[in-house]
Amino acid sequence: MLYKSSFLLKPLLLAVSGGLILAACSEPAPMSAVSDKNAAKSAEMTTDITIWPKLDLPVEQDAATEQTITKLMADMTLEQKIAQMIQPEIRDITVEDMRQYGFGSYLNGGGAFPNDNKHATPADWIALAEAMYQASVDDSLDGSTIPTMWGTDAVHGHNNVIGATLFPHNIGLGAAHNPALIEDIAAVTAREVMVTGIDWVFAPTVAVVRDDRWGRTYESYSENPSLVHDYAAAIVKGLQGPTDQDFLGEQRVISTVKHFVGDGGTVGGDDQGDNIASEQDLYQIHAQGYVGGLQAGAQSVMASFNSWHGEKIHGHKYLLTDVLKQRMGFDGFIVGDWNGHGQIDGCTNENCAQAALAGLDIYMVPTPAWKPLFNNLVAQAKSGVIPMSRVDDAVRRILRVKLRAGLFDKPSPATRPLSGKTALIGAPEHRAIARQAVQQSLVLLKNNDAVLPLNPTQKILVTGMGADNIGMQSGGWTISWQGTGNSNSDFPGGSSIYAGFEQAIQLAGGQIELSADGSYSQKPDVAVVVFGEQPYAEGNGDLDNLEYQRGNKTDLALLRKLKADGIKVVSLFISGRPLWVNPELNASDAFVAVWLPGSEGAAVADVVVAKADGSVNMDFRGKLSFSWPATPHQHANMGDKDYQPLLPYGYGLRYGDNSTLSNNLNEQIAADNTLEDLVLFERAIKAPYQLMLHSDGNSIVMESSIAQSGNVTVRTFDKDVQEDARRIAFSGPAKVSISNAFPADLRSYQEANSALVLQLKRTGNAPDSVLLGMDCAQACSSTIDIAPQLQAMADDSWQTISVDLGCFAAKGADFSQIFTPVSLATSAPLILSVADVRLVPGGATSATISCLGN
């Protein structure tokens, strides 16, 4: 391989006094129809390819490798080539499927384990890797000996494996402002991944988050594109090795820079939403991680779920092919995200030529959809819908990376140098680096009267839900996808935040007491309260404003109780983003942002607790890599014209600094007068919601003009314009819902006295019970019987029914996590038509069914 010097990014950001940084910038549709539609979308925007740099990338193509690829491809059938482009998930394929099809790669998603066993051992992971590898090189069925590769989401360590070293999530690493540390973390992650026989890591995430309501904010290093650029380069170098030595060697893995591009800039911080930034800002703000990562030799890029000006990135030829591959010179492969291709206009998970035409090289296709997708791609290539030149380009890119990674020459997974060396999983030297990362990530926001560092000879109470909770402090993407369902026993070798305090205080001769609820047997001198967000991952973590514990301020009550008892209060705040915590700040003598520190929680005490003689053991080093909001509705980013956060980018106290934060921060929340109707159905079901039919224990999505499941049939018809209404025919017990796979935070609508408003038409008799419902997380649901209202309606006549959201709240609906904002269920025959469904702010005052004042 030949290597070149890297392209140097022109500085976008300028350092100024005080450590702050200011930005210098600011059945599928017929293919012809879909192409015309996408072309029309593109025509609506004027693009400028010269905005994007021509990168002089460090890993150059060499003639010998390209000749090897050409020889391999000359002997490949079309089916073998398409198989290289298919990436199924371990829960949906068998070893025999791999032997028959020879998939180019496969993955384990979050919460997927060998044998579906959360406590699978490293030996179990190796056994599956070895079995899949041997099946892929077995040519007895598919005629191919091309080795497969396994990809995994190792996003803060090898986080799917019990006992692995878990590092702080990216938001905490960003606060450390230390690219060298990031490189060390990535190298440790690569080693632990290689122990389990896995070749490829879906990291780093290089999103530059502009709206902290996004549930993936903690996966971002910073709102500062320059820092993300530098971190991307560092983590790619740590994962893959320097391009001039040990590149993709025995202790390295293939990296993936993701998610290209703009995932951190969607409107409202909506996961998988629409980024409407200008092309200049798309590059200068959101693409800097790709410049840094590609300069370091990244071999794969993952396409993003989001859209850019309404066009899904998975189907965006201009960005994937014209910009990334041709202009920026990227010659590795582009992999899709979890069925992301199915979100393209005219596509389904099972059928999507558009993604390949746009430049996607590998379809990530979990669920059994992989088989029809494979068959459809083969048929589309045979018919010319997908030109063979595009198939060959994708396969060449995949094989190029496999050759560069030595997959054709390396031993099988079970016989590689690090394979099975289980002592490396959570090794002391690895945990030492994680502990260092925790120490450097902590940000001191407030320190009245120098209450910190804590004198360990005092009587200390440690309390709060997060005090002795490794799962909570580790956050999402921890063993399970959402990071839920874990206990301390799932983290052998790890330590809780309390464990560090216990050790430090007992060694110094002090007294310590642990209490979950703030109670104590002897009045302490200081209470350390560890509280914050519960674990979440993408989708589930989206908020509609940044107020902490909105409507249920149990942690604030605890802080105030301790203060009322005359006890000094030190708050350690666990979170995946800055949140509006003015009341909690006011109730604290000291306040530390600890982010999501991972498995080495004991390291928090290294900084917070003094030596036995009262001197500083270790000073704070962390500085905010995100601006801290002054209000629940503020989304401040460095460089904004009216930049007035509560605490600016780069803020962070050290011991000896004066604590300047007021003790009387504003705790009043201004009303949000910008709330508009939330339209769920108007002519069509509005994304991201889907119309679902539930009957006899089965649920299906309505994907065409008619759908039937058991006792319920739904079909489209014309009310005012073509197919703008739905006719629902129940023949027995069934339910129809407008639902989303992820919950929505609808508390703003509840607070705005909103109503659920539906246009309905009853045809024939109404039964004695028809339940209008809402479903939320943790299997909670609430229903209102609207049978009396339906029975009072004139037959076959459109009428409006509205229900005060307070009625659903009174029945137990949790508006912070609504999966299904509306459902209709009955157990008897009923024909009911629906033409419009929405949440209307202020509608409760005139609702058909009102609970105001109850």
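Note that this is a predicted model, so its numbers are computed, not measured.

Analysis parameters
- Residues numbered from 1 in each chain as written.
- Predicted model: local features only at pLDDT ≥ 70, side-chain atom pairs only at ≥ 80, totals over all residues.
- Heavy atoms only, no water.
- pLDDT = per-residue confidence, 0-100.
- Contact = heavy atoms within 4.5 Å.
- Disulfide = S-S within 2.5 Å.
- Buried < 20%, exposed > 50% of the residue type's maximum accessible area, 1.4 Å probe, protein only.
- Helix = DSSP H or I, 4+ residues; strand = E, 2+ residues; numbered from the N terminus.
- Lys, Arg positive; Asp, Glu negative; His and termini not counted.
- Salt bridge = Lys/Arg side-chain N within 4 Å of Asp/Glu carboxyl O.
- Polar contact = N/O pair within 3.5 Å; in protein donor to acceptor, adjacent residues only side chain to side chain.
- Pairing = 2+ DSSP bridges.
- Axes fitted to C-alpha atoms, helices over the stretch in contact; angles between N-to-C directions.

Colleague: Let's hear about the confidence of the model for the protein chain: which residues, and what values?
Modeller: Residues at a pLDDT of 70 or more form 94% of the protein chain, whose mean pLDDT is 92. Residue range residues 1-43 is modelled with pLDDT below 50. Its contacts to residues more than four positions away, or to other chains, number 83 contacts.

Colleague: So, the state of the cysteines: which residues are in play, and what are the values?
Modeller: Considering all chains together, one arrives at three disulfides under this definition. Between the sulfur of Cys347 and that of Cys352 lies a disulfide, 2.1 Å long from S to S. The disulfide joining Cys347 to Cys352 has a torsion of about 65° about its S-S bond and is therefore right-handed. Here Cys347 falls in the buried class, since its relative accessible area comes to 11%. Taking the relative accessible area as the measure of exposure, Cys352 reaches 0% and is therefore buried. Each sulfur of the disulfide joining Cys776 and Cys780 lies 1.6 Å from the other. Taking the torsion about the sulfur-sulfur bond, which here is approximately -140°, the covalent link between Cys776 and Cys780 counts as left-handed. Each member of the pair Cys776 and Cys780 is classed as buried. Looking at the protein chain, its bonded cysteines, counted consecutively from the start of the sequence, adopt the pairing 1-2, 3-4, 5-6.

Colleague: Got a sec to walk through helix α11 (residues 288-295)? Specific residues and values, please.
Modeller: Counting buried positions along α11 yields eight of eight residues, so the element is predominantly enclosed. If you check which residues of α11 are buried, you get Gln288, Gly289, Tyr290, Val291, Gly292, Gly293, Leu294 and Gln295. Its buried side turned inward, α11 meets α9 (225-240), β9 (256-260), α10 (279-286), β11 (300-303) and α12 (317-327).

Colleague: Help me get a handle on unusual backbone geometry, residues and values and all.
Modeller: Along the chain, Lys258 connects to His259 via a cis peptide bond; the corresponding omega equals -5°. Look at the link from Phe260 to Val261: it is a cis peptide, with omega at -5°. Mapped onto the fold, Val261 is located in the loop between β9 and β10 (274-275). For Asp246, which is not glycine, the phi torsion reads 55° and is therefore positive. Positionally, Asp246 belongs in the loop between α9 and β9. Located in the positive-phi region is Gln549, a residue other than glycine, with phi close to 50°.

Colleague: Can you explain the side chain of Glu192? Please cite residues and give values.
Modeller: With respect to the secondary-structure elements, Glu192 resides in helix α8 (residues 179-195). For Glu192, which is buried and forms no salt bridge, the nearest opposite charge comes from Arg431, at a distance of 6.9 Å. Among the polar contacts listed, one links the side chain of Glu192 to the side chain of Thr165, at a separation of 2.7 Å. Ignoring sequence-local partners within four residues, the contact set of Glu192 consists of His158, Ala164, Thr165, Leu424, Ile425, Gly426, Ala427 and His430.

Colleague: For the pairing of strand β22 (residues 678-682), give the residues involved together with the corresponding values.
Modeller: Looking at chain direction, β22 and strand β35 (residues 830-840) are connected through four bridges and run antiparallel. Its bridge partner being in β35, Val679 is matched across the sheet by Arg838. Hairpin geometry of β22 and strand β23 (residues 684-685) is characterised by an intervening segment of one residue between the two adjacent antiparallel strands and by a positive phi of about 75° at Arg683.

Colleague: Mind laying out the pattern of salt bridges, listing which residues take part and the relevant values?
Modeller: When the charged atoms of two side chains with opposite charge come close together, those side chains can pair. For the coordinates displayed, the defined rule picks out 41 salt bridges. Of the charged contacts in the structure, one is a salt bridge between Lys325 and Asp361, with a shortest N-O distance of 2.9 Å. Pair noted here: Lys325 is in helix α12 and Asp361 is in the loop between α13 (353-358) and β15 (363-364), with a separation of 36 residues, a long-range link. One exposure class covers both Lys325 and Asp361, and it is buried. Taking the shortest distance from any N to any O, the salt bridge between Lys719 and Asp720 comes out at 3.0 Å. You can call Asp720 exposed: its relative accessible area is 60%.

Colleague: Lay out the side chain of Glu584 in plain terms, naming residues and giving numbers.
Modeller: Secondary-structure assignment places Glu584 in helix α20 (residues 582-586). Glu584 has contacts with Phe531, Tyr548, Lys553, Leu556, Leu559 and Phe591, leaving out every residue within four places of it along the chain.

Colleague: Account for the sheet that holds strand β32 (residues 781-785), with residues named and values stated.
Modeller: Taken in spatial order, the six strands of this open sheet run β25-β24-β29-β34-β31-β32, and their pairing is antiparallel. If you trace the sheet from one side to the other, it starts and ends with β25 (698-701) and β32, each paired once. Each strand of the sheet is rotated relative to its neighbour by a mean of 20°, with strand direction disregarded. For strand β31 (residues 771-776) and strand β34 (residues 818-826), the ladder comprises five bridges, and the chain directions are antiparallel. Residue Leu771 lies in a different strand from β34, and its bridge partner there is Ala825.

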